[in-house]
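Okay, here's what each chain looks like letter by letter:
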Amino acid sequence: MHAIDQTQPVAGMDDATITELLKQFNDLPLLILKPPRTGLLMMSVTDCFNTDFHLGEVLVTEASVSLNGIEGYGMVSGEAPRKALARAAVDALLRSRGYTEQRNAVAEYLQRERDRQQRADQTEAALTAATRVTFDLMPGA
């Protein structure tokens, strides 16, 4: 799994967790190459007929950093400069060598968030399944 894929949980973190995550970088030589900035990204989707079309533009925030020459990039949906910066910093840390203590701490944050998001997805799936209608079991069908 590429480091950018591993940073996905950062996008779902709440502000308090982002603050705690960013503290892991206080003592690291992190250089902000491009400060967080917002922009628009064209969202393309494929319909049920396997035809691509542009759904519209999505507001995103992106940032890039460097950790001892290793560049990290982060993009999140919406206007979320701290999340974009955190995602870029995590990307750089995961792709760099060394910083074992910080890497382990960040890995814990990411795993906790993955677990939280998985539980939320399961809860949502269960709630959605409870509203599913089976038409072939309806009277008169």
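Rules used in this analysis
Residues numbered from 1 in each chain as written. Predicted model: local features only at pLDDT ≥ 70, side-chain atom pairs only at ≥ 80, totals over all residues. Heavy atoms only, no water. Core = buried A, V, L, I, M, F, W, Y, C linked by side-chain atoms within 4.5 Å. Buried < 20%, exposed > 50% of the residue type's maximum accessible area, 1.4 Å probe, protein only. Helix = DSSP H or I, 4+ residues; strand = E, 2+ residues; numbered from the N terminus. Contact = heavy atoms within 4.5 Å. Phe/Tyr/Trp six-rings, centres within 6.5 Å; stacked < 30°, edge-to-face > 60°. Lys NZ or Arg CZ within 6 Å of the ring centre and 35° of its normal. Patch = residues over 30% accessible without salt bridge, like charges linked within 9 Å, V, L, I, M, F, W, Y side chains within 5 Å. Areas by Shrake-Rupley, 256 points an atom, 1.4 Å probe, with all protein chains shown as cover. Salt bridge = Lys/Arg side-chain N within 4 Å of Asp/Glu carboxyl O. Pairing = 2+ DSSP bridges. Axes fitted to C-alpha atoms, helices over the stretch in contact; angles between N-to-C directions. Expected span 1.5 Å × (residues − 1).

**Student:** Would you mind going over the nonpolar core with me for this structure?
**Tutor:** Note that soluble globular proteins tend to have their nonpolar side chains buried in a common cluster. Judged by nonpolar contacts, the single largest core of 24 residues is most densely connected at Val10, Met13, Leu21, Phe25, Val90, Val106 and Leu110. Going through the elements one at a time, α2 (15-23), β2 (52-67), α3 (81-95) and α4 (100-129) are the ones with two or more residues in this core. The element that contributes the greatest number of residues to this core is α3, accounting for nine residues. Apart from the residues lying within four places of it in its own chain, the contact partners of leucine 21 are Val10, Met13, Ala86, Val90, Val106 and Tyr109.

**Student:** Sorry, what's going on with the packing of aromatic side chains here?
**Tutor:** A full pass over the atoms with the stated rule returns zero aromatic pairs. In this structure, arginine 112 is placed above the aromatic ring of tyrosine 109, and the distance from its NZ or CZ to the ring centre is 4.8 Å.

**Student:** Just checking my understanding: could you explain a nonpolar patch on the surface for this structure?
**Tutor:** On the surface, a nonpolar cluster with roughly 280 Å² of combined accessible area is contributed by Met43, Phe53 and Leu55. Turning to its location among the elements, leucine 55 is positioned in strand β2. Residue classification places leucine 55 among the exposed residues on the basis of a relative accessible area of 54%.

**Student:** Can you help me understand the sheet that holds strand β1 (residues 30-46) in this one?
**Tutor:** Backbone-to-backbone hydrogen bonds join strands into a sheet, with any given pair of strands oriented parallel or antiparallel. Spatial ordering of the open sheet is given by β1-β2-β3, a layout of three strands whose pairing is antiparallel. Here the strands that pair on one side only, and so sit at the sheet edges, are β1 and β3 (70-77). Each adjacent strand pair in this sheet contributes to an overall mean axis angle of 25°, direction not counted. Alignment of β1 against β2, held across 14 bridges, turns out to be antiparallel. The residue bridging leucine 41 from the neighbouring strand is valine 58, located in β2. Taken strand by strand, α3 contacts β1, β2 and β3, and its axis lies near 145° from that of β3.

**Student:** In this structure, what is going on with α3? I would like to understand it.
**Tutor:** Between its first and last C-alpha atoms α3 spans 21 Å; for 15 residues at 1.5 Å apiece the expected length is 21 Å, and the two agree. Most of α3 is tucked away: 12 of the 15 residues are buried. Listed in full, the buried residues belonging to α3 are Lys83, Ala84, Leu85, Ala86, Arg87, Ala88, Ala89, Val90, Asp91, Ala92, Leu93 and Leu94.

**Student:** What's the story with the environment of leucine 55 in this structure? I'm lost.
**Tutor:** For leucine 55 and methionine 42, which are 13 residues apart along the polypeptide, the C-alpha to C-alpha distance reads 7.6 Å. Dropping the residues within four chain positions of it, leucine 55 is found in contact with Met43 and Val45.

**Student:** Any chance you could explain the pattern of salt bridges here in plain terms?
**Tutor:** The tally for this structure, following the rule as stated, stands at five salt bridges. Close ionic contact of arginine 112 with glutamate 108 constitutes a salt bridge, the shortest N to O distance being 4.0 Å. Taken together, the residues span about one helical turn, with arginine 112 and glutamate 108 both in helix α4 at a distance of four residues. For arginine 112, a relative accessible area of 46% gives the class partly exposed. The class for glutamate 108 is partly exposed, based on a relative accessible area of 48%.

What is shown is where atoms sit, not what they do.
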